[in-house]
Amino acid sequence: MADGNTAAKRNADLPVRIASAVVMVLVAGSALWIGGPLWTLFVSLIALGVLWEWRGLVRGFQISALRRIGWLAGGFLYIGIAALMMAALRLLPFEPAHVILIALMLAVIGTDVGAYFAGRTFGGPKIAPAISPSKTWSGLFGGMIGAGLGLVLGSFATEGFADLGIKLAVGPIIAVVAQTGDFFESWMKRRAGVKDSGRLIPGHGGLFDRVDGLLAVMFAVGLVALGDLALTVFMQGSLLPSPQ
């Protein structure tokens, strides 16, 4: 009976969830299309909202004040690096930069869509039922396929089907990173004893609930970019002629 009530509630909320999703896509897509200061403002507002929800979750942790400060600092870095990459990839002057951003966003969306339909269709063993009871291994594999297709679709406008195999191979990596971000946020909510990170979006919860996977992917991209920059600086420094 409980399962039936849960399913009925989900079906009743479906129109609200779809309407909210359409509004989110339109707002985010418009800001991304226009770019410039509007995109920077949009990303900044989303980042501040997620950071606020992160603060709310951490307040529910049964930890010391010092560890709570550490969690808040970690959230600032995690969300800040991801937001910086999202803003930078749209604002960089060369065209492929924002194509990469679009491709990554479509890969994350493909992960969610593929995981949802594969999980509902095939079901099967859960990945980590203590953290997220609805996530299945079949859903993860479906998300990997969806991420690969999203990556191909996102870069089709400039590259066509060039490097198709590489994109399909990178897609599963993006899916795993996105799902890790999803699990991490679910773990934070369980530790805080709440169902959603917030109530801002009807039928969807909070901002953190909607961008958890994208945050993880953009954070990983940021770490790779910072690592590449550090390596470049190191190599250039080591190649400089020694002073006479």
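Quick note: structure is the one above.
What comes next is a walk through the structure. (Residues numbered from 1 in each chain as written. Predicted model: local features only at pLDDT ≥ 70, side-chain atom pairs only at ≥ 80, totals over all residues. Heavy atoms only, no water.)

## Regarding the packing of aromatic side chains
Scanning all chains against the criterion turns up 13 aromatic pairs. Where Trp71 meets Phe184, the ring centres are 6.3 Å apart and the plane angle is 10 degrees; that geometry is what we call stacked. With Trp71 in helix H3 (residues 65-91) and Phe184 in helix H6 (residues 164-192), this residue pair connects regions lying 113 residues apart in the sequence. A centroid spacing of 5.8 Å and a plane angle of 25 degrees characterise the contact between Trp71 and Trp187, whose relative ring orientation is stacked. Of this pair, Trp71 sits in helix H3 while Trp187 sits in helix H6, placing them 116 residues apart in sequence. Residue classification places Trp187 among the partly exposed residues on the basis of a relative accessible area of 32%. Among the aromatic residues, those joined into a ring-pair cluster are Trp54, Phe61, Trp71, Tyr78, Phe184, Trp187, Phe208 and Phe219. Just above the ring of Trp52 sits the side chain of Arg55; from NZ or CZ to the centre is 4.4 Å. Sitting above the plane of the Phe61 ring, Arg191 keeps its charged end 4.9 Å from the centroid. (Phe/Tyr/Trp six-rings, centres within 6.5 Å; stacked < 30°, edge-to-face > 60°. Helix = DSSP H or I, 4+ residues; strand = E, 2+ residues; numbered from the N terminus. Buried < 20%, exposed > 50% of the residue type's maximum accessible area, 1.4 Å probe, protein only. Lys NZ or Arg CZ within 6 Å of the ring centre and 35° of its normal.)

## A closer look at the packing of H3 against H6
Helix-helix packing: each pair is described by the crossing angle between the helix axes and the interaxial distance. Between H3 and H6, the shortest axis-to-axis distance is 15 Å and the interhelical angle comes to 150 degrees. Taken together, the axes of H3 and H6 are roughly antiparallel relative to one another. Seen from above, H3 lies across H6 with left-handed handedness. Residues Arg67, Trp71 and Tyr78 of H3 lie in contact with H6, whose contacting residues are Gly181, Phe184, Trp187, Met188 and Arg191. A per-class count over the contact of H3 with H6 returns five nonpolar, one polar and two charged. (Axes fitted to C-alpha atoms, helices over the stretch in contact; angles between N-to-C directions. Parallel < 35°, antiparallel > 145°, perpendicular 65-115°, else oblique. Left-handed = near helix turned anticlockwise from the far one by under 90°. Contact = heavy atoms within 4.5 Å. Nonpolar A, V, L, I, M, F, W, Y, C, P; charged D, E, K, R; others polar.)

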